[in-house]
Amino acid sequence: MSKPEMLDDLPTNTSDNEHFQAVVERAVSRRGFLKSGIGLSAAVFLSGSLSACTSDDNDDDETVEVPEEPTPLLGFQAIPIFTDDAVHVAAGYTATVFAPWGTPLFSGAAWKTDGSDNAAAQARQVGDNHDGIHFFPLTEGNSEEGLLVMNHEYTTTTGRATYAWLFGTPNTTITTLEQANKAIAAHGVSVIHIAKNTAGKWEIKLDSQYNRRITASTLMLITGPAAGDALLQTSADATGTSAFGTINNCGNGWTPWDTYLTCEENFNNYFGSTTEGDGRSAAQKRYGLSSGATSYGWEQFVDRFDYKKEPNESNRFGWIVEIDPFDATSTPKKRTALGRFKHENAAYRIGTDGTVAIYMGDDQADDYVYKFVSSGKYIAGNPRNNANLLDAGKLYVARFKAGATSGDFMGDGEWVLLDRDATPELAGFANQAEVLIHARLAADAVGATKMDRPEWVSVHPESGEVYVTMTNNSGRSTADEANPRLQNRYGQIVRWREAGNDPAATTFEWDIFVLAGNPVKYTDRNDLKSGSANVTTDNTFNSPDGLGFDKDGRLWIQTDGNYSNAGEYEGQGNNQMLCADPASKEIRRFFVGPQECEVTGLTFTPDSKTMFINIQHPGEGGNSHWPDGGTSVPRSATIIITKDDGGVIGS
Ligand code: FEO
Ligand code: CA
Ligand code: CA
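Labelled according to an unreviewed UniProt entry, the chain appears under the name PhoX family phosphatase, originating from Thauera linaloolentis.

As structure tokens, then:
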């Protein structure tokens, strides 16, 4: 979801600026990030003159072997910015629109261009505002047929209870429960059975047994340590163990036991009140609930969305929900052990002993990065063992520290345990359930590091290093090393390496992989606003958000930022997707989206030859007719990217 910049910059600290470029360039070699042979140094990569040498070179005077020329990790030509209402992808690739909002998954639910589809039809169609996405092959290694699972974060509103295009007519204010139910049905998750046809084109298997819509009213279980707690009990569920629906599903994750993780982000925006007076608790304020009417308007028609009538209902959102995509009758599970906050996405790593770590960001300015470490161990091929691994474990929050040297934009850090009985600062919480339900308050209490809006996290497939986007933070008033700019418009990507390369470690080392900036606008490269050395006038971007590694270790970076292409954002164009080489740190623009969209979510077929990404909220400001053209309403959609020679995407 876009969050426009609102404040002007303050002066930055010039003594930090002078050191920044050289320091960030040195960070890779000094800290040993990514020395594991998956790429070349920037200088070598750019000259193309040498392969990655191995340690047994030049021990004697034998005939010198000519090393094999390595294949560069980034094999495509960068593209420029675009500002038009179309998608653009690198030369030699094709981008195809797929499964836009309203696409029927079942017979009898055809899309109506006039917006007259009712709630029941919407509940059988692809939802709105596509976000996180994952391809599950139908059989192991199958790149021809699978389940495409995606989030539908929200539906665009333009005022109180007023929807931009959900009802066909622009800016429709809802007045009935049926209308609210259509909006409720446009949220959630789609499970879509897809396969390549005989011509090699991806198609939806209409009426497949796998097709499923999960919405903001689907029955779910609440599981883990907080299940049943008084704070989760409502008049509809005195047990505090079941909930209806999932909302504001932003980024996603998946597990090696083939489940999908959907992440509830800005759930606060759905809870309002229909009566005078504030009446919010301190915790509700910390989680961002607003008094009065919401822009979705559901509280007018469905009592549980009125926080005064049902004060605990909002505690049943803000979780990570685990879904078995292969069983359309399965009940999704809200995993309370992972904590409650505005979840962006969830990235797993498995330790050598089977310990499962899940890395998570809380997308709010000055909020935190978290890690869950399972008590049980993952066992490949043992679904019964793995089914509830996310129900028991330890929740940690990150402290990013300056390390031995201040001002060098790298340092060390610690994972602070959020445990009612083991963490002295949490003694005031009633029990561990309250710590999990009010995880933000617990993290405040232990002094976690306030970050520049933590968005997606991704784990490098070989090194295990963890990368996280900090999208921007226009309100930052105190800089620190991991968040080095006041009023940060452009964002950065921070990465860390766990001590001993152990995902269960409680300490880590970190550095900044890229400080996004605008060298078109800020030509003095010592100005932090020009970005780090790997940001150029050719690849400048703002607000990194979606993030993910492919199997070869390419880092795909998606943006959800300011698309004005003017002022502070001159030369940055529409939102886009770039690709980085983690070793050389080179970044190239690969794809640009249509007007007023964000580019979000990424996944591949097992052969890495089909990439699926999502275009969310094209025309959120009223200036797009993508993808249908003419005078049509804009529609969020998936984009299928293939390489024209049939090769691996990005190669
Ligand atoms: Fe839904 Fe943080 O973006
Ligand atoms: Ca430092
Ligand atoms: Ca996002």
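(A) Just the nonpolar core, in detail. In this structure, I247, W298, I358, M360, Y370, V397 and L418 are the most contacted members of the largest nonpolar core, which totals 57 residues. If you list the elements that add at least two residues to this core, you get α4 (177-186), β14 (260-264), β18 (355-362), β20 (369-377), β21 (393-400), α7 (432-437) and α8 (439-445). Here this core takes four residues from α4, the largest share from any one element.

(B) Region of interest: the coordination of the calcium ion (ligand 3). E344 (OE), E455 (OE), D545 (OD) and D545 (OD) make up the full set of protein donors to the calcium ion (ligand 3), lying at 2.3 to 3.1 Å. Coordination of the calcium ion (ligand 3) draws on donor residues from a single chain, spaced E-x110-E-x89-D in sequence. Remark: D545 occurs in strand β28 (residues 544-549) and E455 occurs in strand β24 (residues 454-459); sequence separation between them is 90 residues. Comparing E455 with D545 shows no difference in burial state: the two are buried.

(C) Structural context of the coordination of the calcium ion (ligand 2). Only A402 (O), T405 (O), D408 (OD), M410 (O), E481 (OE) and E481 (OE) from the protein coordinate the calcium ion (ligand 2), and they sit 2.1 to 3.0 Å from it. Coordination at the calcium ion (ligand 2) is irregular, judged from the six donor atoms that bind it and the angles of 45 to 167° they form at the metal. For the calcium ion (ligand 2), the donor residues sit on a single chain with the sequence spacing A-x2-T-x2-D-x1-M-x70-E. Of this pair, M410 sits in strand β22 (residues 410-417) while E481 sits in the loop between β25 (466-470) and β26 (492-498), and the two are 71 residues apart along the sequence. E481 matches M410 in its accessibility class, with the two residues each being buried.

(D) The sheet that holds strand β30 (residues 576-580), seen in detail. Spatial strand order, β1-β31-β30-β29-β28: five strands in an open sheet with antiparallel pairing. Looking along the sheet, the strands with just one partner apiece sit at the ends: β1 (88-89) and β28. Bridge analysis of β1 against strand β31 (residues 587-592) gives two bridges, and the strand direction is antiparallel. When the sheet's bridge partners are listed, H88 is paired in β31 with V592.

(E) Spotlight on the environment of A427. As for its placement among the helices and strands, A427 is situated in the loop between β22 and α7. Judged by relative accessible area, which is 48%, A427 ranks as partly exposed. Measuring from C-alpha to C-alpha, the distance between A427 and S477 comes to 30 Å, with 50 residues separating the pair along the chain.

(F) Broad picture of the confidence of the model for the chain. A residue-level look at the chain finds 90% of positions with pLDDT of 70 or above and a mean pLDDT of 92. Within the model, pLDDT remains below 50 along residues 2-30, and this stretch shows 63 contacts once partners closer than five positions in the same chain are excluded. Here residues 34-61 is a poorly scored stretch, pLDDT under 50, and it has 36 contacts once near neighbours within four places are set aside; other chains count.

(G) Up close: a negative patch on the surface. Residues E140, D258, D324 and D327 make up a contiguous surface patch of negative charge. Here D258 lies in the loop between β13 (249-254) and β14.

(H) How the structure looks around the pattern of salt bridges. This model, assessed by the stated rule, comprises 32 salt bridges. Two residues, E313 and R304, come together in a salt bridge whose shortest N-O distance is 3.0 Å. Accessibility classification places E313 together with R304 in one group, the buried group. Of the charged contacts, one joins K643 and D645 as a salt bridge, the two residues approaching to 3.9 Å between their closest N and O atoms. Here D645 falls in the exposed class, since its relative accessible area comes to 60%.

(I) Fine view of unusual backbone geometry. Along the chain, W626 connects to P627 via a cis peptide bond; the corresponding omega equals 0°. With respect to the secondary-structure elements, P627 resides in the loop between β33 (610-616) and β34 (637-643). Of note in this structure, N248 is not a glycine but carries a positive phi near 55°. Residue position: N248 is located in the loop between β12 (242-244) and β13. Notably, D258 is not glycine yet its phi reads approximately 65°, a positive angle. Since its relative accessible area comes to 40%, D258 is described here as partly exposed.

(J) Quick peek at α4. With seven of its ten residues buried, α4 lies for the most part within the structure. Along α4, the residues that are buried comprise Q179, A180, K182, A183, I184, A185 and A186. Among the structural elements, α3 (119-122), β4 (145-152), β6 (162-163), β7 (172-173), β8 (188-196) and β10 (212-214) are those in contact with the buried residues of α4. G188 lies just past α4 and shows a positive phi near 105°.

Reading the values: rules and limits
Residues numbered from 1 in each chain as written. Chains lettered and ligands numbered in written order. Predicted model: local features only at pLDDT ≥ 70, side-chain atom pairs only at ≥ 80, totals over all residues. Heavy atoms only, no water. Core = buried A, V, L, I, M, F, W, Y, C linked by side-chain atoms within 4.5 Å. Buried < 20%, exposed > 50% of the residue type's maximum accessible area, 1.4 Å probe, protein only. Helix = DSSP H or I, 4+ residues; strand = E, 2+ residues; numbered from the N terminus. Donors = N, O, S within 2.8 Å, 3.2 Å for Na, K, Ca; no water. Tetrahedral: all angles 85-135°; square planar, octahedral: opposite > 155°, others 65-115°. Pairing = 2+ DSSP bridges. pLDDT = per-residue confidence, 0-100. Contact = heavy atoms within 4.5 Å. Patch = residues over 30% accessible without salt bridge, like charges linked within 9 Å, V, L, I, M, F, W, Y side chains within 5 Å. Areas by Shrake-Rupley, 256 points an atom, 1.4 Å probe, with all protein chains shown as cover. Salt bridge = Lys/Arg side-chain N within 4 Å of Asp/Glu carboxyl O. Lys, Arg positive; Asp, Glu negative; His and termini not counted. Charge placed at Lys NZ, Arg CZ, Asp CG, Glu CD.

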